[in-house]
Amino acid sequence: MMAASKALSQRSAGMDVFYIEAVMAEMQPLVARASVKKVHQPDADTVILRLWNGRRELRLRICVAIGGTGIYLSERTWINPASPPRFCQLLRARLKSLRAIEQLPGERVVVLTFNGHDEASYRLVVELYGRRPNMVLCDGDDLIIDVLHRRQGDEKHQAYMKGAVWRAPEKLGKWSLKEVVEVPEWEGASDNPAGWLQRHVCPMTPWVARDLACLVADGRQPGEVLALFSRRREERDYLFQIAEWEGSPRLFAFRPYCLALQAVRTFPSASEAADRFYAECDSSGRNSERAGLKRIARRALARIEKRLERLRHDILSTGESERLQQLGQLLMANFHKVDKGMNEVEVENFFEPGTVVNIPLDPALSPSQNADRLFAKSKKIRRGYQHVRRRLAESTDEKAWLETLLMNLDEMETHEDLAAVEAEMRDYGLLPKNDRKSKRPASHGHPRLREDVSPGGYTLQWGTSNRANDYLVKRVCRSHDLWFHALDRPGCHLVLKISHQGEEVPEEDILYAASLAAGYSKASAEGLADVMVAEGSAVHKPKGALPGLVRVKNYRTVRVSPRRNT
């Protein structure tokens, strides 16, 4: 399966230099001198800075996913790992207030300057360009403290070593768009004027170059065209749009002069457009990955269902063992009627008085050998019966695991959630083992749990995946806590935390917890659902059981309307 950043790159190229300029102009008066309330890192490529500017809280999202880079103010909420990753912990420890935010002129590089908790100055450099976007935390002298992605350097990227000096990207000797007045003849540009603009003018982007080249092709002079766009940029003549160009949705800070855009949507601010754009990109990337994983899981579920059908048929056929045992006993009771060389013998069936039965014989065997043959066949079938029962139980558990896996895939909210499910599928053979290092973001800490509070103030926690359910049962649920699960339906494990043993939990809180357990199960669309309620001491995970599967000794059921958090 493709990584999150790859999914993004197939839909977009992230923010271009002009869109970053527009976002900076919009954000600077809002975030400058804001205090840092909290730092979150919901996935491997994203940092969320929760800022307080004295009037309201702002969420500054910084993303350096390959093909999906961006920085903007977001209205969305983000689900974060319970244990903050390394870089997140570092930012929390150092950053106190945001002193300034600026873009390096003409570059897709943003520098955020902070006051630290230790009264020192820090700079968070956000590189939003190229195939190796990154975040670099430096001190006031631009000495590198640490980076988000620790990578080796190459001919285009410096090595980020602790204590080294961070350097801005080198200027490439192009004409400045801001200062250009006259442009010499476009030597060699007649065949590809857009390419010429990208090679000789800075800043420049592919779509702007194509748009301006179109004006030149219509008879305008190159200098006139560049001056026209430069003046538009200086005046901040913005129109924030999401539109499809060349088959992919993109962010636009200016209305194109000539380019034909499809599915155009206009927004009042740069951040609002970006927030919608990246939400849709994230959703599309997750949906694509989710669909691939679900196809694999469904094929595996279909194989399991066929196996179960065959095993149930084998269970029914094991009644033959008892019949052969009876025939052997009847034969032993009638040895006096049997001679070697006979093909069959008819005897009275004392297991069903008043009836007779024909016992087939091997004429080459003696009567006692024929009886032994019948007993041996019966024993062989009984041994097979034990194997079939074991396989039936294993396959039933595997079916329950796959059904919960499919439900979890429908519930996934982040690329890290999908990465966790993919790792689970890989561990259990649904996906091939990959010896190469995974390109997916690594998960941090224990699996993610959802949380809520009941009307009576009890903490409720439930799992987002099979492994999260395992963690909940094995590490979070204590013997006196209450455990909930939808009856005979794939679903989450939910735990109601009780402060001390013997505490009486009001029925209102139990019903509230049960309704959440039903809401995060396959019973979520039903009007009413039965939910199991048990003490934590009654819930046991068998050794070697698949993730998310438990055995419950004693429980009661309650009938509730499914509920989900909004």
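Residues numbered from 1 in each chain as written. Predicted model: local features only at pLDDT ≥ 70, side-chain atom pairs only at ≥ 80, totals over all residues. Heavy atoms only, no water.

A word on the overall build of the protein chain
Line of reasoning, step 1. Along the backbone of the protein chain there are 12 helices and 24 strands.
Line of reasoning, step 2. By the burial criterion, 50% of the 566 residues in the protein chain qualify as buried.
Line of reasoning, step 3. Contacts in the protein chain between residues at least 24 apart in sequence constitute 59% of all its contacts with a sequence separation of at least 6.
Line of reasoning, step 4. Entry remark: accessible area of the protein chain is about 28400 Å², with carbon and sulfur atoms responsible for 47%. (Helix = DSSP H or I, 4+ residues; strand = E, 2+ residues; numbered from the N terminus. Buried < 20%, exposed > 50% of the residue type's maximum accessible area, 1.4 Å probe, protein only. Contact = heavy atoms within 4.5 Å. Areas by Shrake-Rupley, 256 points an atom, 1.4 Å probe, with all protein chains shown as cover.)

What to know about unusual backbone geometry
Line of reasoning, step 1. In this structure, the amide linkage connecting Cys 202 to the following residue, Pro 203, adopts the cis form with an omega of -5°.
Line of reasoning, step 2. Positioned with a positive phi, Glu 246 is a non-glycine residue whose angle comes to about 55°.
Line of reasoning, step 3. Looking at the secondary structure, you find Glu 246 in the loop between strand S12 (240–245) and strand S13 (248–252).
Line of reasoning, step 4. A relative accessible area of 52% places Glu 246 in the exposed class.
Line of reasoning, step 5. The backbone of Ala 263 sits at a positive phi, close to 50°, despite the residue not being glycine.
Line of reasoning, step 6. You can see Ala 263 is positioned in strand S14 (residues 262–267).

Observations concerning the sheet that holds strand S24 (residues 556–560)
Line of reasoning, step 1. Strands sit in the order S17-S18-S20-S19-S21-S24 across an open sheet of six strands; the sheet is antiparallel. Edge positions in the sheet fall to strand S17 (449–453) and S24, since each has one partner strand and no second. With strand direction ignored, the average angle separating the axes of adjacent strands in the sheet is 25°.
Line of reasoning, step 2. Of the strand pairs in this sheet, S17 and strand S18 (residues 459–463) are connected by five bridges, and their pairing is antiparallel. Residue pairing across strands places Val 453 opposite Thr 459, the latter belonging to S18.
Line of reasoning, step 3. Taken strand by strand, helix H11 (residues 466–476) contacts S17, S18, strand S19 (482–486) and strand S20 (494–496), and its axis lies near 135° from that of S18.
Line of reasoning, step 4. Of the strands in this sheet, S17, S18, S19, S20, strand S21 (529–535) and S24 touch helix H12 (residues 507–519), which is tilted by about 75° from S24. (Pairing = 2+ DSSP bridges. Axes fitted to C-alpha atoms, helices over the stretch in contact; angles between N-to-C directions.)

Quick look at the pairing of S21
Residues in a regular strand project their side chains so that they alternate between the two faces of the sheet.
Line of reasoning, step 1. Counting buried residues in S21 gives five out of seven residues, a clear majority hidden from the surface.
Line of reasoning, step 2. Note: S21 against S24, five bridges, orientation antiparallel. The partner of Asp 530 across the bridge, within S24, is Arg 559.

Side note on the pattern of salt bridges
Line of reasoning, step 1. Throughout the structure, instances matching the rule amount to 25 salt bridges.
Line of reasoning, step 2. Here Arg 50 and Glu 57 are joined by a salt bridge, their closest N and O atoms 3.2 Å apart.
Line of reasoning, step 3. A single salt-bridge network, built from bridges that share partners, covers Lys 37, Arg 50 and Glu 57. (Salt bridge = Lys/Arg side-chain N within 4 Å of Asp/Glu carboxyl O.)

Quick word on the nonpolar core
Line of reasoning, step 1. In this structure, Tyr 19, Ile 71 and Leu 112 are the most contacted members of the largest nonpolar core, which totals 74 residues.
Line of reasoning, step 2. Apart from the residues lying within four places of it in its own chain, the contact partners of Leu 112 are Leu 49, Leu 60, Ile 62, Ile 71, Leu 98, Ala 100, Ile 101, Tyr 122, Arg 123, Leu 124 and Val 126. (Core = buried A, V, L, I, M, F, W, Y, C linked by side-chain atoms within 4.5 Å.)

Examining the packing of aromatic side chains
Line of reasoning, step 1. Tallying each qualifying case throughout the model produces 12 aromatic pairs.
Line of reasoning, step 2. Here Phe 18 and Phe 254 contribute two aromatic rings whose centre-to-centre distance is 6.3 Å and whose plane-to-plane angle is 75°, an arrangement assigned as edge-to-face. Of this pair, Phe 18 sits in helix H2 (residues 17–31) while Phe 254 sits in the loop between S13 and S14, and the two are 236 residues apart along the sequence. We note that Phe 18, like Phe 254, is buried.
Line of reasoning, step 3. Taken together, the ring pairs in this structure connect Phe 18, Tyr 19, Phe 229, Tyr 238, Phe 240 and Phe 254 into an aromatic cluster. (Phe/Tyr/Trp six-rings, centres within 6.5 Å; stacked < 30°, edge-to-face > 60°.)

What to know about the sheet that holds strand S2 (residues 46–52)
Line of reasoning, step 1. Reading across the sheet, the nine strands line up as S4-S3-S2-S1-S5-S6-S7-S8-S9 and stay open at both edges, with antiparallel pairing between neighbours. Strands with a single pairing partner mark the edges of an open sheet, and in this sheet they are strand S4 (70–74) and strand S9 (144–147). Averaged over neighbouring strand pairs, the angle between their axes works out to 30° when direction is ignored.
Line of reasoning, step 2. Where strand S5 (residues 95–103) meets strand S6 (residues 109–116), seven bridges bridge the pair, whose relative direction is antiparallel.

Quick word on helix H5 (residues 206–217)
Line of reasoning, step 1. The terminal C-alpha atoms of H5, which comprises 12 residues, lie 16 Å apart, in line with the 16 Å expected from a rise of 1.5 Å per residue.
Line of reasoning, step 2. Along its buried surface, H5 packs onto H2, helix H4 (193–200), helix H6 (222–234), S12 and S13.
Line of reasoning, step 3. Of the residues flanking the end of H5, it is Gly 219, one or two places downstream, whose phi is positive at about 110°. (Expected span 1.5 Å × (residues − 1).)

Details of the environment of Glu 424
Line of reasoning, step 1. Turning to its location among the elements, Glu 424 is positioned in helix H10 (residues 415–427).
Line of reasoning, step 2. Glu 424 gets classed as buried once you look at its relative accessible area, which sits at 1%.
Line of reasoning, step 3. When the C-alpha atoms of Glu 424 and Pro 547 are compared, they prove to be 8.5 Å apart, with 123 residues separating the residues in sequence.
Line of reasoning, step 4. In terms of polar contacts, Glu 424 uses its side chain to reach the side chain of Trp 401, at 2.6 Å. (Polar contact = N/O pair within 3.5 Å; in protein donor to acceptor, adjacent residues only side chain to side chain.)

Digging into the packing of H5 against H6
Line of reasoning, step 1. Direction vectors running N to C along H5 and H6 enclose 135°, while the axes themselves pass 9 Å from each other. Here H6 runs oblique to H5, going by the angle between their axes. For the crossing formed where H5 meets H6, the hand is right-handed. The segment H5 lies against H6, with Val 208, Leu 212, Leu 215 and Val 216 engaging Pro 222, Val 225, Leu 226, Leu 228 and Phe 229.
Line of reasoning, step 2. Within the contact of H5 with H6, the residues separate by chemical class into nine nonpolar, no polar and no charged. (Parallel < 35°, antiparallel > 145°, perpendicular 65-115°, else oblique. Left-handed = near helix turned anticlockwise from the far one by under 90°. Nonpolar A, V, L, I, M, F, W, Y, C, P; charged D, E, K, R; others polar.)

Some points on the pairing of S6
Line of reasoning, step 1. Here S6 lies mainly inside the structure; seven of its eight residues are buried.
Line of reasoning, step 2. Between S5 and the antiparallel strand that follows it, S6, lie five residues; Gly 106 among them carries a positive phi value of about 75°.
Line of reasoning, step 3. Connecting S6 to the antiparallel partner strand S7 (residues 121–127) that follows it, the hairpin turn spans four residues, and Glu 119 within it adopts a positive phi of roughly 70°.

What to know about the environment of Gly 130
Line of reasoning, step 1. Structurally, Gly 130 can be placed in the loop between S7 and strand S8 (134–139).
Line of reasoning, step 2. Between the C-alpha atoms of Gly 130 and Ile 66, which are 64 residues apart in sequence, the distance is 7.9 Å.

A closer look at a positive patch on the surface
Line of reasoning, step 1. The grouping of Lys 379, Lys 380, Arg 382 and Arg 383 at the surface amounts to a positive patch.
Line of reasoning, step 2. Tracing the chain through its elements places Arg 383 in helix H9 (residues 367–411).
Line of reasoning, step 3. Judged by its relative accessible area of 52%, Arg 383 is exposed. (Patch = residues over 30% accessible without salt bridge, like charges linked within 9 Å, V, L, I, M, F, W, Y side chains within 5 Å. Lys, Arg positive; Asp, Glu negative; His and termini not counted. Charge placed at Lys NZ, Arg CZ, Asp CG, Glu CD.)

Describing the confidence of the model for the protein chain
Line of reasoning, step 1. For the protein chain, per-residue confidence averages 85 on the pLDDT scale, and residues scoring 70 or more make up 89% of the total.
Line of reasoning, step 2. Low confidence marks residues 1–12, where pLDDT is under 50. Its contacts with residues over four positions away, or in another chain, come to 39 contacts.
Line of reasoning, step 3. The low-confidence segment residues 435–444, where pLDDT is below 50, has 18 contacts with residues more than four positions distant or belonging to other chains. (pLDDT = per-residue confidence, 0-100.)

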